[in-house]
Amino acid sequence: MSHDVLYRDELPGGKHWSMVVKRGTLLRLTDKDGGANMGMLFYNPANLLERYNAPDSLKCQHTFKLTRGNCLYSDMGRIFCSIVEDSIGWHDTVCGNSTKAGVARKWGGVDYQTARNDWTQNGHDSFLVEGAKYGLGRRDLAANVNWFSKVAVAEDGSMSFDPTNSKAGAHVTLRFEMDTLVLLHTCPHPLNPAADYPRRPVIYELLKADPVSDDDFCKGFRPENGRGFENNRIYHLCSCGSEG
Amino acid sequence: MIKESNLSPAAAVIRQTVKAGGYWLEKVKAGQIFRIVDLEGNQAADTLFYSAVDPSERYSAENTIREQGNVYLSVGSKLLSQDGNLMLEITADTVGRHDTLGGACATESNTVRYALEKKTMHACRDSWLLAVTENDHLGLSKRDIAHNINFFMNVPVTPDGGLTFEDGLSAPGKYVEMTAAMDVIVLISNCPQLNNPCNAYNPTPIEVMVWDQAQSA
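Parameters at a glance
- Just so you know, the residues in each chain are numbered from 1, in the order the chain's sequence is written.
- Each chain gets a letter, beginning with A, and each ligand a number, beginning with 1, in the order they are written.
- Only residues with pLDDT of at least 70 get local features here, since the model is predicted, and only at 80 or more are side-chain atom pairs given and counted; chain-wide, interface and lining totals rely on the full set of residues.
- Secondary structure elements follow DSSP: runs of H or I of four or more residues count as helices, runs of E of two or more count as strands, with numbering from the N terminus.
- Restricting the calculation to C-alpha atoms gives the radius of gyration, and the globule rule supplies 2.2 Å times the number of residues raised to the power 0.38.
- Buried residues are those with 20 or more other C-beta atoms within 10 Å of their own C-beta, exposed residues have 12 or fewer, and partly exposed residues lie in between; C-beta atoms are placed from the backbone.
- In short, DSSP must find at least two bridges between two strands for them to pair.
- Axis lines are fitted to C-alpha atoms, over the contacting stretch for helices. Their N-to-C directions set the angle, which ranges from 0 to 180 degrees.
- By construction, the arc corresponds to the directions joining the helix axis to the C-beta atoms.
- Each residue is represented by a C-beta atom placed from its backbone, and any two residues with such atoms within 7 Å are regarded as in contact.

## Some remarks on the overall build of chain A
For step 1, the next point in the chain: Each helix and strand counted, chain A has six helices and 13 strands in total.
For step 2, the next point in the chain: Taking 244 residues into account, the globule formula puts the C-alpha radius of gyration at 18 Å, and chain A, at 17 Å, falls close to it.
For step 3, the next point in the chain: Along the first, second and third principal axes, the C-alpha atoms of chain A reach 55 × 40 × 35 Å.
For step 4, the next point in the chain: Looking at the 244 residues of chain A, the share that counts as buried comes to 52%.

Below, the structure written as structure tokens:
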């Protein structure tokens, strides 16, 4: 992509952050070393009760995985963002988060007193901290996306984590279709079988998106997505969105 | 997995029919056994659970499927909260598989799934919103409307990552039964969906039953 990078940062493994991403912005996520996981949740900053709904997103696109062409829906039938590029092909949104107890059980948790900023943080607490900055509490958490992570399902329903899913340099790009509060962390996927607590950095970049064309890949990916984009259009008719 | 129950409906302490489009909100105590019957077949009972002691603790679909390593629910499934605590365990099931990936219908999601002009058709999340608002004393609100179980629904995942909606495995009179491990609030929307072939476009009543532990012994 030839777009200018407006902002670029690297989130080390096992950390968390949050930001409001404006409509018409691209967020490009790059797995620097391979094997990364980035947990993410989405809210409407103008009405925090509107939030990412993984079941709605999956069932309306008849998919279990997320990849290019898929849109991430709010519970109000609108699209927070579309996946416009993906070099990986499979991202999980049903397995939830690592927890303090889970990290302790699997990797033997290391506290801040012992390890300072190399402590073993977990995804659930990361979302609690970032959400609280906007008045959100534990009741507001939902099933999150786990970018870069693949959990496949066999015929009998059994689930298996694929540790080879994301290679160094792999990337996925989101185009935001409305202003969105984004909570994110780089704590390990809860099904990661690594022997040691995995710390995998993710580079995240903000870029200006091109306007959405009539023949946009995500909009046409499913007839449902066309209706989702129409819901966004109606929403922006009635609100003071940053891009009008 | 199919496992029948030996409990007699005549011994149930609660026995109620819930019509399609309605909701059922009740407390079930630790040790009590709770059954949902699909009276006419291929209905969906969209169900949420909360801790009766602290309703901010609730059923977590993510924790439940991840910890059991399987996306489908049946006998032996331990229904976990977002704190990882056991809320209920499925102890009998004559259907064999229940969904917890597909979520619940909403007026807004109906616009995306079916057509924009479907937006005023009744939906599960409207029933839940009415339930929590009519029962304000419980302290529940839209924030607590999370990802649910669809008892009797069949939503297979394919190995290549597709999600399909198949005809239900359920049939008239089939049921699922679970034992509460903590005092829980049960909130069911008996799904009013008229646009989905999985219920043959015909939402029908369910029956709920509760037994005391002592009577089941």
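## Things to note about the sheet that holds strand β7 (residues 79-86) of chain A
Residues and elements named next belong to chain A.
For step 1, the next point in the chain: Pairing within the open sheet is antiparallel, and its six strands lie in the order β1-β13-β3-β11-β7-β6. Every interior strand has two partners, whereas the edge strands, β1 (5-11) and β6 (71-73), have only one. With strand direction ignored, the average angle separating the axes of adjacent strands in the sheet is 20 degrees.
For step 2, the next point in the chain: Across three bridges, the pairing between β6 and β7 is antiparallel. Within the sheet, the bridge partner assigned to Cys71 lies in β7 and is Ser82.

## Topic: the environment of Val53 of chain B
For step 1, the next point in the chain: By the element assignment, Val53 of chain B lies in the loop between β4 (45-51) and α1 (61-68).
For step 2, the next point in the chain: Sequence spacing of Val53 of chain B and Ser189 of chain B is 136 residues, and the spatial spacing of their C-alpha atoms is 22 Å.

## Focus on helix α3 (residues 124-134) of chain B
All names here are of chain B.
For step 1, the next point in the chain: Where α3 is concerned, the buried positions are Cys124, Arg125, Ser127, Trp128, Ala131 and Val132. What you see down the axis of α3 is that its buried residues fit within an arc of 155 degrees, all on one side. Of the exposed residues in α3, the ones pointing more than 90 degrees away from its buried face are Thr133 and Glu134.

## Topic: the sheet that holds β4 of chain B
Through backbone hydrogen bonds, the strands of a sheet pair up, either in parallel or in antiparallel fashion.
All names here are of chain B.
For step 1, the next point in the chain: If you walk across this open sheet you meet the four strands as β2-β9-β4-β7, and the pairing is antiparallel. If you trace the sheet from one side to the other, it starts and ends with β2 (23-28) and β7 (149-151), each paired once. Neighbour-to-neighbour, the strand axes of the sheet open up by a mean angle of 25 degrees, direction not taken into account.
For step 2, the next point in the chain: Two strands pair when backbone bridges link them, and β4 and strand β9 (residues 184-190) are joined in this way by seven bridges, in the antiparallel orientation. Paired with Tyr50 across the two strands is Ile185, which belongs to β9.

## What about the pairing of strand β4 (residues 38-44) of chain A?
All names here are of chain A.
For step 1, the next point in the chain: In terms of burial, β4 is largely enclosed, as seven of its seven residues are buried.
For step 2, the next point in the chain: As defined by bridge partners, β4 adjoins strand β8 (residues 145-147) across three bridges and the pair is classed as antiparallel. Bridge pairing in β8 places Gly39 opposite Asn146.
For step 3, the next point in the chain: In the sheet, β4 pairs with strand β12 (residues 180-185) via five bridges, with the strands oriented antiparallel. Following the sheet pairing, Phe42 is matched in β12 by Val182.
For step 4, the next point in the chain: Inspection of the sheet shows β4 paired to strand β5 (residues 47-51) by two bridges, in the antiparallel sense. Looking at β5, one finds that Asn44 is bridged to Asn47.
For step 5, the next point in the chain: In this structure, the hairpin formed by β4 and β5 is closed by a connection of two residues.

## Focus on unusual backbone geometry
For step 1, the next point in the chain: In this structure, Arg116 of chain A takes a positive phi of about 50 degrees despite not being glycine.
For step 2, the next point in the chain: For Arg116 of chain A, the location among the structural elements is in the loop between α3 (112-115) and α4 (123-132).
For step 3, the next point in the chain: By the C-beta count within 10 Å, which is 9 here, Arg116 of chain A ends up exposed.
For step 4, the next point in the chain: In this structure, Tyr201 of chain B takes a positive phi of about 60 degrees despite not being glycine.
For step 5, the next point in the chain: Locating Tyr201 of chain B in the fold gives a position in the loop between β9 and β10 (206-211).
For step 6, the next point in the chain: C-beta crowding within 10 Å serves as the criterion here: with 10 such atoms nearby, Tyr201 of chain B is assigned to the exposed category.

## Section: α1 of chain B
Residues and elements named next belong to chain B.
For step 1, the next point in the chain: Burial runs high along α1: six of the eight residues are buried.
For step 2, the next point in the chain: Here α1 has its buried residues at Ala61, Glu62, Asn63, Thr64, Ile65 and Arg66.
For step 3, the next point in the chain: Structurally, α1 contributes buried residues whose contacts are with β5 (78-80).
For step 4, the next point in the chain: A positive phi of about 70 degrees marks Gly69, the residue just after α1.

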